Amino acid sequence: DHTRSLFLGNLAYNVDEEDLIRLFHRSKEYPELSGSVEAVRVVRDRKTNLGKGIAFVLFKKSGDARTGLLLDGAKLGDRAVRVTRASKNRAA
């Protein structure tokens with residue numbers, strides 16, 4: 001469901017799903033995001049299993065996804081994470 005999904009870019013190659021869940025659930029600016037993530041998919045290289053620097057996050061409610069967009073530029077490690085809406089084409 002693209003209305004509840006966000007695309008994340010500029011991620012470290014060693015990021016895992018738990019890191020991304022923590023990014024949203026522990027946001028001090030937006031405490032309403034705590035418990036809002038339904039699923040995370042880190043896109044990985046098939047041979048090395050390293051992340052490709054992108055991921056998709058599915059939220060329980062579309063309103064939570066809209067709030068999640070506000071975390072665009074948030075720091076995860078030493079990187080500023082790019083957060084945008086997941087389009088139908090990107091998710092395919």
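Scope of this entry: the structure provided in the associated data block.

What follows covers the nonpolar core. Ranked by internal contacts, the top residues of the largest apolar core, which has 19 residues, are Leu6, Leu8, Leu11, Leu20, Phe24, Val57 and Phe59. The set of elements that each furnish at least two residues to this core consists of strand S1 (5–9), helix H1 (17–25), strand S2 (37–44) and strand S3 (51–59). Discounting residues that sit within four places of it in the chain, Leu11 has contacts with Leu20, Gly53, Ile54, Ala55, Leu76, Arg79 and Val81.

Spatially, the 4 strands line up as an open sheet ordered S2-S3-S1-S6, and their pairing is antiparallel. Looking at the sheet topology across the chains shown, the edges are occupied by S2 and strand S6 (82–85). The mean inter-strand angle of the sheet, taken between neighbouring strand axes irrespective of direction, is 25°. Sheet topology note: the S2/S3 ladder contains 6 bridges and is antiparallel. Looking across to S3, one finds that Arg41 is bridged to Phe56. Contacting S1, S2 and S3, H1 runs over the sheet at an angle of about 135° to S2.

Cut-off values and rules
Counting from 1, residues in each chain are numbered in the order their sequence is written. Given that the model is predicted, a residue must reach a pLDDT of at least 70 before its local features are reported, and side-chain atom pairs must reach 80 or more before they are shown or counted; all residues, however, enter totals for whole chains, interfaces and linings. Excluding hydrogens and water, the side-chain values take into account all heavy atoms of the structure. Throughout, nonpolar core names a set of buried Ala, Val, Leu, Ile, Met, Phe, Trp, Tyr and Cys residues whose side chains join them through atoms within 4.5 Å. Residue burial is assigned from relative accessible area. The probe radius is 1.4 Å, only protein chains are included, and a residue is buried under 20% of its type maximum, exposed over 50%, and partly exposed in between. Starting at the N terminus, helices and strands are each numbered in turn, a helix being any DSSP run of H or I of at least four residues and a strand any DSSP run of E of at least two. Any two residues whose heavy atoms approach within 4.5 Å are treated as being in contact. Here, any two strands with at least 2 DSSP bridges between them count as paired. Lines are fitted to the C-alpha atoms to define the axes, a helix being fitted only along its stretch in contact, and any angle between axes, read from their N-to-C directions, falls within 0 to 180 degrees.

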